[in-house]
Amino acid sequence: MSSTLDHTVDPADEAPHPPGPEEWFNESWYLDFVDDDGAVAGYVRLGLHPNQNVAWWTAAFIAPDLPCVMSTNYALALPAPGSMSTSAGDTSIECIVVDALKAFRVVASAPAVAHEHAAGVYDGSGGAPTTMSFDVEWTTDGEPYHYVLSPRYEIPSRARGTITVGDR
């Protein structure tokens, strides 16, 4: 006797969901990237914490000729209902479902910190203030995969766009 597990992802899952009752209920859009030779890499993440009335932004970028650059903001306003965009001061985040399960775009700009050593992200050693901006689209390059025991899903993708750190 064999059974097949359903790993199908519902296109509606690309949009925000009504929050559950848990204090730390959250959902996030986490998109990573790495170039073909593994030298340039990073990620962006928008996390919504509706029961805490806050959105979290984290983004990182590494490249051989740059320090480790990190942008974080754990005090953003929640996006309007049905939206995945938020802004405050010099931070602007737009997460756009271009075509559910097929294309997702992030247009963002925010303050960042350039850490000479990547451990500085965690050890509090500080770094140089800079800015980071993204205009990157992830296009599906495989089958979306829904985990059976979790609401989490992943989509293999190709990323294309522009990332600017400071004036580079």
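Residues numbered from 1 in each chain as written. Predicted model: local features only at pLDDT ≥ 70, side-chain atom pairs only at ≥ 80, totals over all residues. Heavy atoms only, no water.

Q: Please give an account of the environment of Ile96 that cites residues and values.
A: For Ile96, the location among the structural elements is in strand 6 (residues 91–99). Residue Ile96 is classed as partly exposed on the basis of its relative accessible area, which comes to 29%. Separated by 41 residues in the primary sequence, Ile96 and Glu137 have C-alpha atoms spaced 9.1 Å apart. (Helix = DSSP H or I, 4+ residues; strand = E, 2+ residues; numbered from the N terminus. Buried < 20%, exposed > 50% of the residue type's maximum accessible area, 1.4 Å probe, protein only.)

Q: Could you give me a rundown of unusual backbone geometry, with the residues and numbers involved?
A: Positive phi values are uncommon outside glycine, yet Asn53 reaches one of about 60°. Taking the relative accessible area as the measure of exposure, Asn53 reaches 59% and is therefore exposed. One non-glycine residue, Leu101, lies in the positive phi region at around 70°. As for its position among the elements, Leu101 is in the loop between strand 6 and strand 7 (103–115). The buried category is assigned to Leu101, whose relative accessible area is 12%.

Q: Describe a nonpolar patch on the surface, with residues and values.
A: Taken together, the side chains of Leu5, Val148 and Leu149 define a hydrophobic patch exposed on the protein surface, amounting to about 360 Å² of accessible area. Within the secondary structure layout, Val148 lies in the loop between strand 9 (145–146) and strand 10 (153–154). (Patch = residues over 30% accessible without salt bridge, like charges linked within 9 Å, V, L, I, M, F, W, Y side chains within 5 Å. Areas by Shrake-Rupley, 256 points an atom, 1.4 Å probe, with all protein chains shown as cover. Salt bridge = Lys/Arg side-chain N within 4 Å of Asp/Glu carboxyl O.)

Q: I'd like to hear about the layout of surface pockets, residue by residue, with values.
A: Approximately 1,200 Å³ is the volume attributed to the largest pocket. Surrounding the largest pocket, 38 residues form its lining, Tyr30, Leu31, Asp32, Trp138 and Ile155 being those nearest its centre. Breaking the lining of the largest pocket down by element, the ones donating at least two residues are strand 1 (27–34), strand 7, strand 8 (128–140), strand 10 and strand 11 (157–165). With 8 residues, strand 1 is the largest single contributor of residues to the lining of the largest pocket. Tallied by class, residues from the lining of the largest pocket come to 18 nonpolar, 9 polar and 11 charged. Around the second largest pocket, the lining is made up of 14 residues, and of these Pro16, His17, Glu27, Leu48 and Pro50 lie nearest the centre. When the residues that make up the lining of the second largest pocket are grouped by side-chain class, the tally is 10 nonpolar, 3 polar and 1 charged. (1 Å grid on protein atoms, 1.4 Å probe; cavity = no way out; pocket = protein on both sides within 12 Å on 5 of 7 lines; lining within 4 Å. Points joined across faces, edges and corners; volume = space filled by probe spheres on them. Nonpolar A, V, L, I, M, F, W, Y, C, P; charged D, E, K, R; others polar.)

Everything listed here is a matter of geometry and, on its own, says nothing about what the molecule does.
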